[in-house]
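The primary structure of each chain is shown beneath.
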There are 2 protein chains.
Amino acid sequence: MPSPSVKGQQRGYVIPIGGAEEKVNDPEVLRRFVELSGGSDAVISIIPTASQLKDTGKRYAKLFGKLGAGTTHSLTINERSEAEDPALLEKLESSTGIFITGGNQLRLSTILGGTPVAQMIRKLNAQGVHYAGTSAGAAIVSQHMIVGGTTGLVPTEGGVNLAPGLGLANTLVIDQHFSERNRMARLLSAVSFNPFLIGIGLDEDTAIFIAPDNEFTVVGSGSVTVVDASDIEYSSMAEAGSGEALTLLNLKMHILAAGSRYDIDSRQPHIT
Amino acid sequence: MPSPSVKGQQRGYVIPIGGAEEKVNDPEVLRRFVELSGGSDAVISIIPTASQLKDTGKRYAKLFGKLGAGTTHSLTINERSEAEDPALLEKLESSTGIFITGGNQLRLSTILGGTPVAQMIRKLNAQGVHYAGTSAGAAIVSQHMIVGGTTGLVPTEGGVNLAPGLGLANTLVIDQHFSERNRMARLLSAVSFNPFLIGIGLDEDTAIFIAPDNEFTVVGSGSVTVVDASDIEYSSMAEAGSGEALTLLNLKMHILAAGSRYDIDSRQPHIT
């Protein structure tokens, strides 16, 4: 990976993590995020808005410190008004890395959506600041974010609920806890709405590191499932009745373990 | 569908059912099997070997009778010696349709494998007698039969156990209770061993009716997942360590609801 370009011309990395990332023994995903953000020069802002637990932000601050981050701060934002606080925005602007924790992604979209904090995250990432988010913090990366849906394998009409996310990766629709919570059905439902979307299913303790050139690398102990509907020959989504099982012809699927790479623009996987 | 060709030159239908097929309200899958087998002229032999319950055979005999089958008989085969009984073989030979119930597919392969009963089922089907089997009776249709494996979405090295089946559909590897028991992982593991296999995941109360020309039609209330690895660009199966997550690039997938058709020889799906 290239060395971090803090507030340079190049976009920062975008790192959605599938949740439940390893924190104690060999926390590879988080360590690579800290290194990318500058290690001892890193300034990492943690946004624990999705979580309802009081200590989530502090816990991650401590953890990133242990992993070598020079400066960490947790930014408490539990109401939309707090997402306009100039002191808080000043802290956020000093970041070399931004981390959004897990919890409820609807808290992220309803509390942060359209606020100066959301605008600044997008701007900073475009300027080279790295973004990582786990679970809800991964889902919010999508422009079209999955907020709920049917469990299981088989997609159905109405089998997924979408909401606008942060849109740091516009063509991806990202789901998390993917194998663990059996979420193929809702990911397939999502891509079948509009095949321009690439479906990304992240297992727990597994992340994709999306480089500025839009190629991602898989890091972590699980797998990443990529569902590409761009060659789809038929989807019954438009005609299906409420809750009906869908017919989808010619979906492309890749299962990617650690080290595998995928080029988002050309939709081509590569092994290392 | 063409009219039934009893002991003609054309092969009989092969009908694997994903288990838990509807038996009371609108039992479409079973009814179509009875009609195909000749309705009031049908002679349906039921082989309940997979089941450990005493009344499974009789229960299906009664059910097929209700659905209009002229003659039904349940053939008790709990030991290999019984699968050589001339009186039983004579009954079996009179069938226009053969039905194997659910239970443990290893009972089917260990008790029936290589016996005169297994040979006769293959011969009769080749001569035009229709075969249907549910759950274990569907799995045994495969030449390479899934007998166990990992639950979940992500395939792993060692994530599936195969055993020789009846081989009524050589290129298919058939799994059942597919969505309900979350079996994508083991189906993907199976096709990644050798991409000549087409993976078929049958949901409960859902069947494929494989016609003599090797095109199948989906019947029932659930979906059929087809995984086609013939265009696979890379599989890490050969290099993966024990239990390791696999990388599989460029799998093709189709989700087929009732009425959808798939041509096994050309590997092409069609909507009706």
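Going by the structure above, here's the rest.
None of the values given here were measured: they were computed from a predicted structure.

**Some points on the sheet that holds strand β5 (residues 130-134) of chain A**
All names here are of chain A.
Argument step 1. In spatial order, the strands read β3-β2-β4-β5-β1-β10-β11-β15-β16; together these 9 strands make up an open sheet with mixed pairing. Each of the sheet's edge strands pairs with one partner strand only, and the pair in question is β3 (71-74) and β16 (268-270). Strand after strand, the sheet turns through a mean of 20° between neighbouring axes, direction not considered.
Argument step 2. Bridge analysis of strand β10 (residues 206-210) against strand β11 (residues 215-220) gives 5 bridges, and the strand direction is antiparallel. Of the residues in β11, the one forming a bridge with Phe209 is Thr217.

**So, unusual backbone geometry**
Most of the time, phi is negative for any residue but glycine, and the peptide bond is trans.
Residues and elements named next belong to chain A.
Argument step 1. Its identity is not glycine, yet Ser135 carries a phi of approximately 55°, on the positive side.
Argument step 2. Along the polypeptide, Ser135 turns up in the loop between β5 and α6 (136-139).
Argument step 3. Here Ser135 falls in the buried class, since its relative accessible area comes to 10%.
Argument step 4. Located in the positive-phi region is Asp205, a residue other than glycine, with phi close to 50°.
Argument step 5. Among the structural elements, Asp205 can be located in the loop between β9 (198-202) and β10.

**Thoughts on helix α4 (residues 105-112) of chain B**
Residues and elements named next belong to chain B.
Argument step 1. Most of α4 is tucked away, with 6 of its 8 residues classed as buried.
Argument step 2. Within the span of α4, buried status applies to Gln105, Arg107, Leu108, Ser109, Ile111 and Leu112.
Argument step 3. Elements that come into contact with the buried residues of α4 comprise β2 (43-47), β4 (97-100), α5 (116-127), α6 (136-139), β6 (144-149) and β7 (160-164).
Argument step 4. Capping of α4 at its N-terminal end is provided by Asn104; its side-chain oxygen lies 2.8 Å from the backbone amide nitrogen of Leu106.
Argument step 5. Immediately downstream of α4, the backbone of Gly114 shows phi near 75°, a positive value.

**A short note on the packing of aromatic side chains**
We describe a pair of aromatic rings using the distance from one ring centre to the other and the angle between the two ring planes.
Argument step 1. Counted under the stated rule, the structure contains 12 aromatic pairs over all chains.
Argument step 2. Ring geometry for Tyr60(B) versus Phe99(B): centroids 4.7 Å apart, planes at 40°, classification tilted. One end of the pair, Tyr60(B), is in helix α2 (residues 56-66); the other, Phe99(B), is in strand β4, with 39 residues separating them in the sequence.
Argument step 3. What makes Tyr60(B) buried here is its relative accessible area of 6%.
Argument step 4. Judged by centre distance (5.0 Å) and plane angle (75°), the rings of Phe64(B) and Phe99(B) are edge-to-face. Highlighted residues: Phe64(B) in helix α2 and Phe99(B) in strand β4, separated in sequence by 35 residues.
Argument step 5. Take Phe64(B): its relative accessible area is 0%, and that puts it in the buried class.
Argument step 6. Judged by its relative accessible area of 0%, Phe99(B) falls in the buried class.
Argument step 7. Among the aromatic residues, those joined into a cluster by ring pairs are Phe33(A), Tyr60(A), Phe64(A) and Phe99(A).
Argument step 8. Above the face of the Phe209(A) ring, Arg32(A) is positioned so that its terminal group lies 5.7 Å from the ring centre.

**Here's the deal with helix α3 (residues 86-93) of chain A**
Every α-helical turn comprises 3.6 residues, leaving residues that sit three or four positions apart pointing alike.
Residue and element names in this part refer to chain A.
Argument step 1. Taken as a whole, α3 has its buried residues at Leu88, Leu89 and Leu92. One side of α3 carries all its buried residues, which in axial view fall inside an arc of 100°. What points out from α3, more than 90 degrees from its buried face, is the exposed set Pro86 and Glu90.
Argument step 2. Tucked inside the fold, the buried residues of α3 contact β2 (43-47), β4 (97-100) and α5 (116-127).

**Here's the deal with the interface of chain A and chain B**
Argument step 1. Facing 32 residues of chain A, the contacting portion of chain B comprises 32 residues.
Argument step 2. Across the chain A/chain B interface, buried area totals approximately 2600 Å², and carbon plus sulfur atoms make up 64% of it.
Argument step 3. For the interface between chain A and chain B, the tally reads 0 salt bridges.
Argument step 4. At the surface where chain A touches chain B, the tally comes to 10 residue pairs in polar contact (both at pLDDT 80 or more).
Argument step 5. Among the secondary structure elements, those contributing two or more residues to the side of chain A that touches chain B are α7 (184-193), β14 (248-256) and β16 of chain A.
Argument step 6. If you tally residues by element for the side of chain A that touches chain B, the top one is β14(A), at 9 residues.
Argument step 7. Grouping the constituent residues of the side of chain A that touches chain B by class yields 18 nonpolar, 10 polar and 4 charged.
Argument step 8. Of the strand pairs in this sheet, β14(A) and strand β14 (residues 248-256) of chain B are connected by 5 bridges, and their pairing is antiparallel. Pairing of Leu251(A) across the sheet is with Met253(B), part of β14(B).

Scoring rules and cut-offs
- Residues numbered from 1 in each chain as written.
- Chains lettered and ligands numbered in written order.
- Predicted model: local features only at pLDDT ≥ 70, side-chain atom pairs only at ≥ 80, totals over all residues.
- Heavy atoms only, no water.
- Pairing = 2+ DSSP bridges.
- Helix = DSSP H or I, 4+ residues; strand = E, 2+ residues; numbered from the N terminus.
- Axes fitted to C-alpha atoms, helices over the stretch in contact; angles between N-to-C directions.
- Buried < 20%, exposed > 50% of the residue type's maximum accessible area, 1.4 Å probe, protein only.
- Contact = heavy atoms within 4.5 Å.
- Polar contact = N/O pair within 3.5 Å; in protein donor to acceptor, adjacent residues only side chain to side chain.
- Phe/Tyr/Trp six-rings, centres within 6.5 Å; stacked < 30°, edge-to-face > 60°.
- Lys NZ or Arg CZ within 6 Å of the ring centre and 35° of its normal.
- Arc of directions from axis to C-beta.
- Buried area = accessible area lost by both parts, 1.4 Å probe.
- Salt bridge = Lys/Arg side-chain N within 4 Å of Asp/Glu carboxyl O.
- Nonpolar A, V, L, I, M, F, W, Y, C, P; charged D, E, K, R; others polar.

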